[in-house]
Amino acid sequence: MQWEIVIGLETHAQLKTQSKIFSGASTAFGAAPNVQACAVDLALPGVLPVLNKAAVECAIRFGLAVDAQIAPRSVFARKNYFYPDLPKGYQISQFELPVVIGGQLTIQVGQGDKIYEKIVHLTRAHLEEDAGKSLHEDFHGKSGIDLNRAGTPLLEIVTEPDMCSSTEAVAYAKELHARVQWIGICDGNMQEGSFRCDANVSVRRPGGPLGTRREIKNLNSFRFMQQAIDYEVKWQIETLEDGGRIEQATVLFDPDTGETRAMRSKEDAQDYRYFPDPDLLPLAISSDWIARVKAALPELPGEMKQRFETDYLLSPYDAAMLTATRDAAKYFEDCVTFTGLPAVPGPVERGESLPLQGGAMPGVAKTCANWVMGELAARLNKDGKDIAAAPVLPTQIAQIVRRIVDNTISNKIARDIFDALWNGDGDDVDAIIEAKGLKQITDTGAIEAIIDEVLAANQKSVEEFRAGKEKAFNALVGQAMKATKGKANPQQVNDLLRKKLS
């Protein structure tokens, strides 16, 4: 506790527009160098920028999604600096009057019973254009310039220095990453540069003034972000304890060495000589425009999480897991809907044909949640797939749940059916049950006969159970399930076995 860590993040989210922010050139990824750079992007003499309305609406959507203020009037400015991949010699950005002011994100930090919530406050979010890209490979010792990215619309999202560990910084970055994808303004593809973070890191004595910060540029993975911040913190503390000084600088992280290295001294705002761009009028955003964008916003994660807890009686943990991404939330709700069954336990409707126990419907929503967070999530993780590309569809999970609820199959058999669906060995749950003879045995007489055989063949376990060893009972249940090849209803096996043993 001799040092406090202070971290703020600046994130560049590439907006999902078909054309660039000030020209009609395409923003599609992967084109050959310089084929998507038009006269405006190249800054040829006489060209003028024209603002992309879709980019502005993306910014409004973000502001609404983080409870920020949408500025009724904002101004574009020229940020002046020289770099080979910046054709104009300046970048069009926003400085004094950004489009989004303030806002906040609530993050969850930690794991298990050590999770805590924290609010990260946002300073601003402003629109700007991206620069081109310098290429340093396969040019016979020279560098090339690809201007396809020049003019690509970005939303730069800046936080207050609210985070005090690399873990908090990564939790914020993941929450922001999920949020911009949820509201549909950014595809979040970090490998393609659609979501890039800069971390401003400093250390100070507890309660002392803020230390000198160093900015780690272009962190394009959460793992690298954690490694880079941890190294930078360690380096700054060691430097100060050895009597050195921290100089404000821009640094890069080398994933091969796990170290940060200085790239240049850090510029301040005055170094960029900001001034309003004379080619662009101030951006006016009316309250009617904001209302239209708000009406088109999807249900936000926090609202959906609360609804899942209220309507589906899910725990806060389950609801948070299922609303981590919009695709996961939709998959879960589709599962519940396609079962055609009441989502939560309740009185049985008159005329209900399913064989229910205890006069109440099982918790279908909880069962679906368990399948999505359990079996499905495990297979997705193992195969490196996103839930949107899952081979097993929500309709198929719903079929499995229906057959569990009506006692056609057991949970063990259900997992076998899931494996068959995942591997492409059929696409209809009922057809797989029929073809493989997987229907659960629920006939009491048949199960009793099997239990009698198990008891006769396992007298030692019977005696151990009667001597007070509960493990012996589990062994007998296992033998009974084995004898039925897992097809017997497990609850019936348990009930009948206990009845006979007593």
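Residues numbered from 1 in each chain as written. Predicted model: local features only at pLDDT ≥ 70, side-chain atom pairs only at ≥ 80, totals over all residues. Heavy atoms only, no water.

1. Overview of the overall build of the protein chain
Argument step 1. Secondary structure summary: the protein chain contains 15 helices and 17 strands in total.
Argument step 2. Taken over C-alpha atoms, the radius of gyration comes to 30 Å for the protein chain, far larger than the 23 Å a tight globule of 502 residues would show.
Argument step 3. Along the first, second and third principal axes, the C-alpha set of the protein chain runs to 90 × 55 × 50 Å.
Argument step 4. The buried share of the protein chain, taken over its 502 residues, is 47%. (Helix = DSSP H or I, 4+ residues; strand = E, 2+ residues; numbered from the N terminus. Rg over C-alpha atoms; globule rule 2.2 N^0.38 Å. Buried < 20%, exposed > 50% of the residue type's maximum accessible area, 1.4 Å probe, protein only.)

2. Remarks on the packing of aromatic side chains
Argument step 1. As enumerated under the stated definition, the model contains 10 aromatic pairs in all.
Argument step 2. Each ring, one from Phe 22 and one from Phe 76, has its centre 5.6 Å from the other, and the planes form 85 degrees; the classification is edge-to-face. Here the residue Phe 22 occupies a position in the loop between strand S1 (4-14) and helix H1 (53-65), and Phe 76 occupies one in the loop between strand S3 (73-74) and strand S4 (77-80), the gap between them amounting to 54 residues. Pair check on accessibility: Phe 22 and Phe 76 agree, each one buried.
Argument step 3. Look at Trp 371 and Phe 418: their rings are 5.8 Å apart centre to centre, the planes differ by 45 degrees, and that puts the pair in the tilted class. A residue pair is termed long-range when its members are at least 10 positions apart, and Trp 371 in helix H8 (residues 364-383) and Phe 418 in helix H10 (residues 411-422) qualify at 47 residues.
Argument step 4. The class for Phe 418 is buried, based on a relative accessible area of 0%.
Argument step 5. Taken together, the aromatic side chains of Tyr 81, Phe 95, Tyr 272 and Tyr 274 make up a single cluster linked through ring pairs.
Argument step 6. One cation-aromatic arrangement involves Lys 79 over Tyr 272; the distance from NZ or CZ to the ring centre is 4.5 Å.
Argument step 7. Taking NZ or CZ as reference, Arg 214 lies 4.0 Å from the ring centre of Trp 235, over its face. (Phe/Tyr/Trp six-rings, centres within 6.5 Å; stacked < 30°, edge-to-face > 60°. Lys NZ or Arg CZ within 6 Å of the ring centre and 35° of its normal.)

3. Notes on the pairing of strand S12 (residues 195-204)
Argument step 1. Of all 10 residues that make up S12, nine are buried, and the element is covered over most of its length.
Argument step 2. Of the pairings in the sheet, the one linking S1 to S12 comprises 10 bridges and is antiparallel in character. When the sheet's bridge partners are listed, Ile 5 is paired in S12 with Val 203.
Argument step 3. Both S12 and strand S13 (residues 214-219) contribute to a ladder of four bridges, which runs antiparallel. Bridge pairing in S13 links Val 201 to Arg 214. (Pairing = 2+ DSSP bridges.)

4. A look at the pairing of strand S14 (residues 249-254)
Every other side chain in a regular strand lies on the same face of the sheet, so the side chains alternate between the two faces.
Argument step 1. Of the pairings in the sheet, the one linking S13 to S14 comprises three bridges and is parallel in character. Bridge pairing links Arg 214 to Ala 249 in S14.
Argument step 2. Read as a crossover between parallel neighbours, the route from S13 over helix H3 (residues 222-241) to S14 is left-handed.
Argument step 3. As judged from the six bridges shared by S14 and strand S15 (residues 259-265), these two strands associate in the antiparallel manner. Within S15, the residue paired with Phe 253 across the bridge is Thr 260.
Argument step 4. Hairpin connection between S14 and S15: a loop of four residues separates the two successive antiparallel strands, and Gly 258 in this loop has a positive phi of roughly 75 degrees. (Right-handed = clockwise from strand over helix to strand, strands pointing away.)

5. Quick notes on the pattern of salt bridges
Argument step 1. Overall, the coordinates contain 22 salt bridges when judged by the stated rule.
Argument step 2. For Asp 279, the salt bridge identified is with Arg 78, shortest N-O distance 3.0 Å. Taken together, the positions of Asp 279 in the loop between strand S16 (275-276) and strand S17 (283-284) and Arg 78 in strand S4 put the pair 201 residues apart, joining distant regions of the chain.
Argument step 3. Here Arg 403 and Asp 406 are joined by a salt bridge, their closest N and O atoms 2.7 Å apart. Of the two residues examined, Arg 403 and Asp 406, each falls in the buried class.
Argument step 4. In the salt-bridge network here, residues are joined through shared partners; they are Arg 78, Asp 277 and Asp 279. (Salt bridge = Lys/Arg side-chain N within 4 Å of Asp/Glu carboxyl O.)

6. Quick word on the environment of Val 429
Argument step 1. Position of Val 429 relative to the elements: it lies in helix H11 (residues 429-435).
Argument step 2. Sequence spacing of Val 429 and Arg 73 is 356 residues, and the spatial spacing of their C-alpha atoms is 57 Å.
Argument step 3. Beyond its immediate sequence surroundings of up to four residues, Val 429 is in contact with Gln 396, Gln 399, Ile 400, Arg 403, Ile 417 and Leu 421. (Contact = heavy atoms within 4.5 Å.)

7. Some words on the side chain of Thr 152
Argument step 1. With respect to the helices and strands, Thr 152 occurs in the loop between strand S10 (144-146) and strand S11 (153-159).
Argument step 2. Looking at Thr 152, the relative accessible area reads 3%, which means it is buried.
Argument step 3. Of the polar contacts made by the side chain of Thr 152, one reaches the backbone oxygen of Arg 149; its length is 2.8 Å.
Argument step 4. Those residues within four positions of Thr 152 in sequence are excluded, and the remaining contacts are Gln 14, Lys 20, Glu 128, Glu 129 and Asp 130. (Polar contact = N/O pair within 3.5 Å; in protein donor to acceptor, adjacent residues only side chain to side chain.)

8. Focus on the side chain of Arg 179
Argument step 1. Relative to the assigned elements, Arg 179 resides in helix H2 (residues 166-182).
Argument step 2. Those residues in contact with Arg 179 that lie beyond four places of it in its chain are Ala 65, Val 66, Leu 105 and Pro 301.

9. A word on the packing of helix H13 (residues 459-466) against helix H14 (residues 470-483)
Argument step 1. For the pair H13 and H14, the least separation of the axes is 7 Å and the interaxial angle reads 145 degrees. The two elements H13 and H14 meet at a crossing, and its hand is left-handed. On the side of H13, the interface is formed by Ser 461, Val 462, Glu 464 and Phe 465, while H14 contributes Glu 470, Ala 472, Phe 473 and Leu 476. (Axes fitted to C-alpha atoms, helices over the stretch in contact; angles between N-to-C directions. Left-handed = near helix turned anticlockwise from the far one by under 90°.)

10. Observations concerning the confidence of the model for the protein chain
Low-confidence regions, as indicated by low pLDDT, have predicted coordinates that should not be scrutinised in detail.
Argument step 1. In the predicted model, the protein chain carries a mean pLDDT of 90, and 95% of its residues have values of at least 70.
Argument step 2. Across residues 347-362 the pLDDT falls below 50, and counting only partners more than four positions away or on other chains, this stretch makes 27 contacts in the model. (pLDDT = per-residue confidence, 0-100.)

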